[in-house]
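Spelled out, the chains give:
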Amino acid sequence: MQRTKAGGRLRIIRIALWGLVALAAGVAAYLFVQGQSAPPSPAQSYASAIGGPFVLTDPAGKPVSNQTLKGKPFAIFFGFTRCPDVCPTTLSRLAALRKQLGADGQKFNIVYVSVDPGHDKPADIGQYVALFGTPIIGLTGTDAQIAQVVKAYRVFYEKVPQPGGDYTIDHTATVFLMGPQGEFVTTIDHQEGQDTALAKLKRLIAAS
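All values reported here derive from a predicted model rather than from experimental measurement.

Novice: Whenever I open this one, the overall build of the chain confuses me. Can you help?
Specialist: Within the chain one finds six helices and nine strands. Here the chain holds 208 residues, and 44% of them are scored as buried. Across the chain, contacts joining residues at least 24 apart in sequence account for 69% of those joining residues at least 6 apart. Approximately 10,300 Å² of the chain is accessible, and the part contributed by carbon and sulfur atoms is 59%.

Novice: Whenever I open this one, the pattern of salt bridges confuses me. Can you help?
Specialist: Between side chains of opposite charge, pairing is possible as soon as their charged atoms come close. Considering all chains together, one arrives at four salt bridges under this definition. The closest approach of N and O atoms between Asp116 and Arg82, which form a salt bridge, is 3.8 Å. Of this pair, Asp116 sits in the loop between β4 (109-114) and α4 (122-129) while Arg82 sits in the loop between β3 (74-79) and α3 (86-100), and the two are 34 residues apart along the sequence. For Asp116, a relative accessible area of 1% translates into the label buried. A salt bridge links Arg82 to Asp166; its shortest N-O distance comes to 3.1 Å. You can see Arg82 sitting in the loop between β3 and α3 and its partner Asp166 sitting in the loop between β6 (157-161) and β7 (167-171), a full 84 residues away along the chain. Each of Arg82, Asp116 and Asp166 takes part in salt bridges that share partners, so that together they form one network.

Reading the values: rules and limits
Along each chain, residues carry numbers from 1 onward, in the same order as the chain's sequence is written. The predicted nature of this model means local features are confined to residues of pLDDT at least 70 and side-chain atom pairs, given and counted, to a pLDDT of 80 or more, with totals for whole chains, interfaces and linings taken over all residues. With hydrogens and water stripped out, all remaining heavy atoms of the structure feed into the side-chain values. A run of H or I in DSSP counts as a helix once it spans at least four residues, and a run of E counts as a strand once it spans at least two, with each numbered from the N terminus. When a residue's accessible area, from a 1.4 Å probe over protein chains only, is under 20% of the maximum for its type it is buried; when over 50% it is exposed; and in between it is partly exposed. Contacts are assigned to residue pairs that have any heavy atoms within 4.5 Å of one another. Note on areas: Shrake-Rupley, 1.4 Å probe, and residue coverage restricted to the protein chains presented here. Each salt bridge in this description consists of a side-chain nitrogen of Lys or Arg and a carboxyl oxygen of Asp or Glu lying within 4 Å of one another.

Written as structure tokens, this is what we have:
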């Protein structure tokens, strides 16, 4: 997974180790639940571990859950409104990809979840996603609700103190592509080429 540049090399190593631990836990959980004699591949285990139940709040103050999103594939990304680089770049990219898809661009939703509930209120999220010129479902929630959804998607985030008492946030910069029933399909990496990302979205739509 890619992440913001706020941290240094030690944070990159720590996030990589955290991801390996999460992957190992997903494999163990899969084997326990399924009771299979032969272990699944790492890719299968990882896929089964992404996604799950959550309830968040949209800019109008209405609840949005994983059940609400069912029926249409979606691209979900986690960040915060004060993010200086990865968040606006990623959302702008998703908006451009949707435009490239033409009429098919409306066959998937873009979902943006703030991992900064202390600063990003529903109205803030609404104002932020409106900047990108395409429909984006902006979501936030309580600390407990955010903890639940980032756990479901195996997302990393961490506050990084800044001079003067402020903070920024290191966070996963991966876009998760989910099928119409909320099932994990694949990811768009922050450093992947535009053609690769477009092909993934085309496959996501075609399979739905």
